[in-house]
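Fold and geometry: a report
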2 protein chains.
Amino acid sequence: MQEIPLRVIGVVRSPFPTPLEAPRQGEFTDKESRLEIHPEYAAALDGLERHARILVVYWAHGADRSRLASAMGEGVFAGRSPHRPNPILITEVALGAREGMTLRVTGLDAVDGSPLLDLKPALAEWEGPGGFIGNWDASLRF
Amino acid sequence: MQEIPLRVIGVVRSPFPTPLEAPRQGEFTDKESRLEIHPEYAAALDGLERHARILVVYWAHGADRSRLASAMGEGVFAGRSPHRPNPILITEVALGAREGMTLRVTGLDAVDGSPLLDLKPALAEWEGPGGFIGNWDASLRF
């Protein structure tokens, strides 16, 4: 099996100790979480605070990576469960204050202790309406 | 340094041999690419073909993972360059035919040979307008 080593850039500190307490999506919470970025990535953060909304890419460390299908037989690639071979989750959040290497964010669905993989500014022209998000009415073929 | 092993689930076959030929974003191409999924993930694909649009999560294998800031001094987490500690890229594409373990897709910006990490259906209520994508007019603080 081919493997690629991910580097953990920090850790999520959230009010959700287990997946049971975490919201199904970030939009369902207005609670604040903290992103604690490891000091060696200080230079990588410069300028992020100019953005009001960011994408948080994190690892669902409690996920079952061996699961290929749901109990109903649906493949994991056909659904959005965190249980999948590479449980990489992406949530758009509101960025609050930066305090040194800690970022305060609102709208994150991550369980406390989730390893952080990446941060990116959310850009209107790429993520927003009129950007790369297409015609949603035609999205499902059912 | 903490590391997490990613499992490569397949490979992209695209008309873009190097980053110079690849479009800056998938929306800028109507060329077709093929996603060749490794046979051990067959069960994970079941049901994906019901979706017209999917999210392709792949690895930018040509990226410089050591880069922390641009030549202008902007941190890599404040930008969208593929050169970052974990070059995980996510593109929404149109899903065409499935032929065995190969998926034909349109709108992918990946360089030929990019390792595939995950596939997810793009869901209107999560990615579309009125979903978790927020108020874009207020997105930038400049």
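On a predicted model such as this, the values are computed, not experimentally measured, just so you know. (Residues numbered from 1 in each chain as written. Chains lettered and ligands numbered in written order. Predicted model: local features only at pLDDT ≥ 70, side-chain atom pairs only at ≥ 80, totals over all residues.)

1. Notes on the overall build of chain A
Within chain A one finds two helices and seven strands. Going from the N terminus to the C terminus, chain A shows its helices and strands as β-β-β-α-β-β-β-β-α. The 142 residues of chain A split such that 40% are buried. Excluding contacts between residues fewer than 6 apart, the proportion of contacts in chain A whose partners are at least 24 apart in sequence is 71%. (Helix = DSSP H or I, 4+ residues; strand = E, 2+ residues; numbered from the N terminus. Buried ≥ 20, exposed ≤ 12 C-beta atoms within 10 Å, placed from the backbone. Contact = placed C-beta atoms within 7 Å.)

2. Concerning the confidence of the model for chain A
Mean pLDDT for chain A: 84, with 82% of residues reaching 70 or above. Across the whole predicted complex the pTM is 0.85, and at the interface the ipTM reaches 0.85. (pLDDT = per-residue confidence, 0-100.)

3. So, the environment of glycine 79 of chain A
Residues and elements named next belong to chain A. Summarising the element assignment, glycine 79 is placed in the loop between β4 (53-59) and β5 (88-99). With 18 C-beta atoms packed within 10 Å, glycine 79 lands in the partly exposed category. Not counting residues within four places of it along the chain, the set of residues in contact with glycine 79 comprises Ser70 and Glu74.

4. Regarding the nonpolar core
Membership of the largest hydrophobic core comes to 70 residues, with the highest contact counts inside it found for Val56, Tyr58 and Leu117 of chain A together with Val56, Tyr58 and Leu117 of chain B. With near-sequence residues (within four places) excluded, tyrosine 58 of chain B lies in contact with Val12, Leu89, Ala110, Ser114, Pro115, Leu116 and Leu117 of chain B. (Core = buried A, V, L, I, M, F, W, Y, C linked by C-beta atoms within 7 Å.)

5. Details of the sheet that holds strand β3 (residues 32-37) of chain B
A barrel is described by the order of its strands in space; here six strands give the closed sequence β2-β3-β6-β5-β4-β7 (chain B), paired in antiparallel fashion. If you compare each strand with its neighbour and ignore which way they point, the axes differ by 45° on average. (Pairing = 2+ DSSP bridges. Axes fitted to C-alpha atoms, helices over the stretch in contact; angles between N-to-C directions.)

6. Details of the sheet that holds strand β7 (residues 115-121) of chain A
Residues and elements named next belong to chain A. In space, the six strands of this closed barrel follow the order β2-β3-β6-β5-β4-β7, with antiparallel pairing throughout. Each adjacent strand pair in this sheet contributes to an overall mean axis angle of 45°, direction not counted. Bridge count for β5 against strand β6 (residues 102-106) is four bridges, and the pairing is antiparallel. Within β6, the position partnered with arginine 98 by the bridge is leucine 103.

7. What about the pairing of strand β4 (residues 53-59) of chain B?
All names here are of chain B. Summarising burial for β4: six of the seven residues are buried, a large majority. Judged from the seven bridges that link them, β4 and strand β5 (residues 88-99) form a sheet pairing that is antiparallel. From the neighbouring strand, tryptophan 59 faces β5, where its bridge partner is isoleucine 88. Strand direction decides the pairing type here: β4 and strand β7 (residues 115-121), joined by five bridges, are antiparallel. Across the sheet, the residue bridging to valine 57 is aspartate 118, located in β7.

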